[in-house]
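Take a look at the letters that make up each chain.
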Amino acid sequence: MAKTKILVIEDEPDLLEVIQYNLERDGHKVIACRNGEQGLSRIRTDNPDLVILDLMLPGIDGVEVCRRVKGDPVTRGIPVIMVTAKAEESDIVLGLGLGADDYIGKPFRPRELVARVQVVLRRGPVREATNSPERVVRGALSIDLLRHEVRVEDVPVTLTPTEMRLLHFLASHPGRVFPRAHLLSRVIGENAVVTDRNIDVHVRALRQKLGDHSQCIETVRGVGYRLREDGP
Ligand code: CA
């Protein structure tokens, strides 16, 4: 089997070495880059299966790298895991809004990063939400947009159209964290005159209707929401 190619952009040499060592030990091929510029050019030439991106970089910073990777139709499908310090919470939100697939906070244990990489690789290349099938099944949850039908353990649940779009969107990207603003624009529309917190109201209502399975929608503090990887 061909090795997966993981491109790592990290300007701290020691950390870069630790990441590279652990990923290689897990059987991946690693392309190590020390700055955003080099990273961007290698992403185009080497077409990696995954990018690990430090946000605090000299020159072109991580958020800008993410913007360019996710803004280019050729590279958009490559999953990106951001590596961030706690102080960069607003950058996490920004990065996720730009299409980054996951993030991991510094300091982290190498084992944790390797596990995160495995999860994101298992999901495969990123698909656009608009291409997601009308019918999504995750664990005990099934959503059929065309028939406007949601079932949990085969019991119908009555949702408003907004709640249904929200649940469908989250379930189409299980395990991925989405910032509130991103969910709002996807679920309610770009021009909605609402605040980010408005999404909390819909999530609360949705959880109430999911009853025993409400835990499948997880709150990620300071960032947003995600549907648990394995569904309810
Ligand atoms: Ca850095």
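Reading the values: rules and limits
- Residues numbered from 1 in each chain as written.
- Predicted model: local features only at pLDDT ≥ 70, side-chain atom pairs only at ≥ 80, totals over all residues.
- Heavy atoms only, no water.
- Donors = N, O, S within 2.8 Å, 3.2 Å for Na, K, Ca; no water.
- Helix = DSSP H or I, 4+ residues; strand = E, 2+ residues; numbered from the N terminus.
- Buried < 20%, exposed > 50% of the residue type's maximum accessible area, 1.4 Å probe, protein only.
- Domains from an automatic or database assignment.
- Contact = heavy atoms within 4.5 Å.
- Buried area = accessible area lost by both parts, 1.4 Å probe.
- Salt bridge = Lys/Arg side-chain N within 4 Å of Asp/Glu carboxyl O.
- Polar contact = N/O pair within 3.5 Å; in protein donor to acceptor, adjacent residues only side chain to side chain.

Asker: How would you sum up the coordination of the calcium ion? Please name residues and give values.
Answerer: Listed as protein donors to the calcium ion are Asp11 (OD), Asp54 (OD) and Met56 (O); their distances from the metal cover 2.1 to 2.3 Å. Expressed as a motif, the donor residue spacing for the calcium ion is D-x42-D-x1-M. Here aspartate 54 lies in strand E3 (residues 50-54) and aspartate 11 lies in the loop between strand E1 (5-9) and helix H1 (13-25), a separation of 43 residues in the sequence. By relative accessible area, aspartate 11 is classed as partly exposed at 25%. The exposure class of aspartate 54 is buried, given its relative accessible area of 2%.

Asker: Would you mind going over the domain arrangement of the chain in detail, with residue names and values included?
Answerer: A common measure of how large an interface is: the accessible area buried when the components associate. Annotation of the chain at the domain level lists domain 1 (5-122) and domain 2 (126-227). Placing a centre on the C-alpha atoms of domain 1 and another on those of domain 2 gives a separation of 27 Å. On the domain 2 side, the residues contacting the 14 residues of domain 1 number 10 residues. Together domain 1 and domain 2 conceal approximately 930 Å² of surface at their shared face, both sides included; 56% is due to carbon and sulfur atoms. Counting every contact that joins domain 1 to domain 2 gives one salt bridge. For the interface between domain 1 and domain 2, the tally reads three residue pairs in polar contact (both at pLDDT 80 or more).

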